[in-house]
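# Architecture at a glance
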Amino acid sequence: MTTQQSELQLSELLGAIETWRRQTHNPTLGMPSELWAEAVRLAKQMGLSPVAGTLKINHGKLKRLVAEQMQPTKLTSVVRQKKSTPETTFVEIPRATVSPSFGSSFSCMLEVEASGRGRLRARIDSATAFDIATILREFAG
C-alpha cells in the first residue's frame, strides 16, 4: 500500500471518528472497536504517533492494542493478564456445615469478593454444595 493510500484511509478514518464523536454525546462511552481496529491497522503501516496525533486518540491505548496484535495469539495476552490479578485459590466450607451426602442442603452466610466485580454477601437457606459452587462460579465469572 502506498503512502498516499494510507493517508487517504487515515483521512477517511478521521472523518468516521469525528462523526462518531458528534453523534455520541456521552464522553464516557468508549470508541467502537471497529474504529480502534482500523486505527491499529493504520498504526502498523504509518506508525503510532502520526496515527494517534491525527485521529486525536489515546496514544497509550493504541500502542497497547498494536502490541496485543503483534503477540502470537490472543490467548497469550489473556493468560498474562490473569497472572497479574489476584485470584481466590481456596474456599473453605466447615465440615460441620456440610453433611456427608453431596446433595444434602444446609444454611450458610456467604461472603465473596471478586476483583472488578465487587462483593457479594448473602444468607442462604436450604442450599446444596452444588448451589454454592454455582453461585461462586457465576459471581467470579
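Because the structure is predicted, anything quoted here is derived from the model rather than measured.

Each value, and the rule that gives it
- Residues numbered from 1 in each chain as written.
- Predicted model: local features only at pLDDT ≥ 70, side-chain atom pairs only at ≥ 80, totals over all residues.
- Heavy atoms only, no water.
- Helix = DSSP H or I, 4+ residues; strand = E, 2+ residues; numbered from the N terminus.
- Contact = heavy atoms within 4.5 Å.
- Buried < 20%, exposed > 50% of the residue type's maximum accessible area, 1.4 Å probe, protein only.
- Axes fitted to C-alpha atoms, helices over the stretch in contact; angles between N-to-C directions.
- Parallel < 35°, antiparallel > 145°, perpendicular 65-115°, else oblique.
- Left-handed = near helix turned anticlockwise from the far one by under 90°.
- Nonpolar A, V, L, I, M, F, W, Y, C, P; charged D, E, K, R; others polar.

### Notes on the environment of V40
Here V40 is to be found in helix α2 (residues 33-46). Between the alpha carbons of V40 and A52 there is a distance of 9.6 Å; along the sequence they are 12 residues apart. In this view, V40 contacts L62, L65, V66 and Q69; residues no more than four positions away in its chain are not counted.

### Here we look at the environment of L35
When you line up the elements, L35 lands in helix α2. L35 sits in the buried class, given a relative accessible area of 13%. Counting along the chain gives 19 residues from L35 to A16, while the straight-line C-alpha distance between them is 7.9 Å. What L35 contacts, discounting residues up to four positions off in sequence, is L13, A16, I17 and W20.

### Notes on the packing of helix α1 (residues 3-23) against α2
For any two helices packed against each other, the geometry is given by the interaxial angle and the distance between the axes. Following both chains from N to C, one finds α1 and α2 inclined at 155°, their axes separated by 11 Å at the closest point. The pairing of α1 with α2 is recorded here as roughly antiparallel in orientation. Relative to α2, α1 is oriented so that their crossing is left-handed. Every residue of α2 that contacts α1 at S6, E7, Q9, L10, L13, A16, I17 and W20 is listed here: L35, E38, A39, R41, L42, Q45 and M46. Of the residues assigned to the contact of α1 with α2, the class counts are nine nonpolar, three polar and three charged.

### Re the packing of α1 against helix α3 (residues 48-55)
For the pair α1 and α3, interaxial distance at closest approach is 9 Å and the crossing angle is 40°. Relative to α3, the element α1 lies oblique. For α1 against α3, the interelement crossing comes out right-handed. Counting all contacts with α1, which are made through L10, L13, L14, I17 and R21, the residues of α3 involved are V51, T54 and L55.

All quantities given are derived from atomic positions and should not be read as evidence of function.
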